[in-house]
Amino acid sequence: MPFICLYMIVDKIASAIFNDVQGGLAGYEATINMSLEQLQDEVVEERLLIIKKYSMQNAIPRKDLFYSLNCIPVDCKSIDKCCLTDSYSAPMAHFEIPQIVNDFGEDAIEFIGSTNKEIQFKVYTNKNFRYHKYKTRRANKPYVYIDTTPNENNMYDCFLFNAPMLERVTVIAIFKDPRQLEPFTCCGFTEADNMTWIASEVKQSLIQKKLKYYRQMYPQPQPNNQIPQ
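Since the structure is predicted, the reported quantities are computational estimates derived from the model, not experimental observations.

Draft legend 1. The arrangement of the overall build of the protein chain in detail. A count of helices and strands for the protein chain gives three helices and eight strands. Listing every helix and strand of the protein chain by position from the N terminus yields α-α-β-β-β-β-β-β-β-β-α. By the burial criterion, 41% of the 229 residues in the protein chain qualify as buried. Counting contacts in the protein chain only where the partners sit at least 6 residues apart, residues at least 24 apart contribute 68% of the total. As displayed, the protein chain has an accessible area near 13,800 Å², and 51% of this comes from carbon and sulfur atoms.

Draft legend 2. Spotlight on the sheet that holds strand E8 (residues 168–173). The sheet built from three strands is open, its strands ordered E1-E8-E4 with antiparallel pairing. Two strands close off the open sheet at either side, each with one partner strand: strand E1 (67–73) and strand E4 (109–113). Across the sheet, the axes of successive neighbouring strands diverge by a mean angle of 10°, strand direction being ignored. Sheet topology places E4 next to E8; four bridges connect them, and they run antiparallel.

Draft legend 3. The layout of surface pockets, seen in detail. Its volume calculated, the second largest pocket comes out at about 170 Å³. Taken together, Leu48, Ile51, Lys52, Ser55, Met56, Val101, Asn102, Asp103, Phe104 and Lys176 form the lining of the second largest pocket. Of the residues belonging to the lining of the second largest pocket, the class tally is five nonpolar, two polar and three charged.

Draft legend 4. Broad picture of the packing of aromatic side chains. Using the criterion set out here, one finds six aromatic pairs in the structure. Pairing Phe129 with Tyr145 gives two aromatic rings, centres 4.2 Å apart and planes at 15°, and the pair type is stacked. Residue Phe129 is located in the loop between strand E5 (122–124) and strand E6 (143–147), and its partner Tyr145 is located in strand E6; the two are separated by 16 residues in the primary sequence. Tyr145 shares its class with Phe129; the two are buried. The structure contains a cluster of three or more aromatic residues connected by ring pairs, namely Tyr124, Phe129, Tyr143, Tyr145 and Phe161. One residue, Lys122, lies across the ring of Tyr124, its end atom 5.3 Å from the ring centre.

Draft legend 5. Molecular detail of the nonpolar core. Core analysis: the largest hydrophobic core is formed by 53 residues, its most contacted members being Phe95, Ile97 and Ile112. The residues touching Phe95, leaving out its near neighbours within four places in the chain, are Ile72, Pro73, Val74, Asp75, Ile112, Val144, Tyr156, Asp157, Cys158, Leu160, Val169 and Val171. Membership of the second largest hydrophobic core comes to seven residues, among which are Met92, Tyr124, Tyr145 and Phe161.

Draft legend 6. Representation of helix H3 (residues 196–217) within the structure. In this model H3 runs 32 Å from its N-terminal to its C-terminal C-alpha over 22 residues, within 8% of the 32 Å that 1.5 Å per residue would give. Those residues of H3 lying buried are Ile198, Ala199, Val202, Ser205, Leu206, Ile207, Lys210, Leu211 and Tyr214.

Analysis parameters
Residues numbered from 1 in each chain as written. Predicted model: local features only at pLDDT ≥ 70, side-chain atom pairs only at ≥ 80, totals over all residues. Heavy atoms only, no water. Helix = DSSP H or I, 4+ residues; strand = E, 2+ residues; numbered from the N terminus. Buried < 20%, exposed > 50% of the residue type's maximum accessible area, 1.4 Å probe, protein only. Contact = heavy atoms within 4.5 Å. Areas by Shrake-Rupley, 256 points an atom, 1.4 Å probe, with all protein chains shown as cover. Pairing = 2+ DSSP bridges. Axes fitted to C-alpha atoms, helices over the stretch in contact; angles between N-to-C directions. 1 Å grid on protein atoms, 1.4 Å probe; cavity = no way out; pocket = protein on both sides within 12 Å on 5 of 7 lines; lining within 4 Å. Points joined across faces, edges and corners; volume = space filled by probe spheres on them. Nonpolar A, V, L, I, M, F, W, Y, C, P; charged D, E, K, R; others polar. Phe/Tyr/Trp six-rings, centres within 6.5 Å; stacked < 30°, edge-to-face > 60°. Lys NZ or Arg CZ within 6 Å of the ring centre and 35° of its normal. Core = buried A, V, L, I, M, F, W, Y, C linked by side-chain atoms within 4.5 Å. Expected span 1.5 Å × (residues − 1).

And the structure:
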């Protein structure tokens, strides 16, 4: 089965909202001032709000929000991210991932490790990674620090410690923006959204908001009942 383009999922929802809003405003003197690009951003934002809402109610199993990204390439990068050539730290094992949903903290990460899933790394999303080497147990085990400030590619930098020479890693996590997953679909990623009811709720919520906004801004024209003189 060919993989489904994740960008097209967001684009498809945005296009459906645009068409439904246009249909819902039939008969109104309304000029719809919204672009598909703007709607795509709103779809992503609304999806995050709905996930947060139902997560606070324990109405969404966390496992149903995970996406698996396989074969992420590992390269080298200095952890200080200094632009100068005399960087303070030597380049180290590094890879990039799409932004995760930080509301879940480290629970947004289900797995980071080897592509065969046999080696799992300890994950840190804060500066506590600096104290890992002082642990009395498992200090020599692989671990990864995720810098949750977007880098120059609007992704998150991940730095590997105590890891063997790896060319690729696998990450299973809850990601913010499905559009950012598209570059990682080289390994036959086939499921674009494993909770279609969220997509449906995003669509209905945004349609209602848009219709309410435009109907308030542009009232429906009333028939002229005046008797001609």
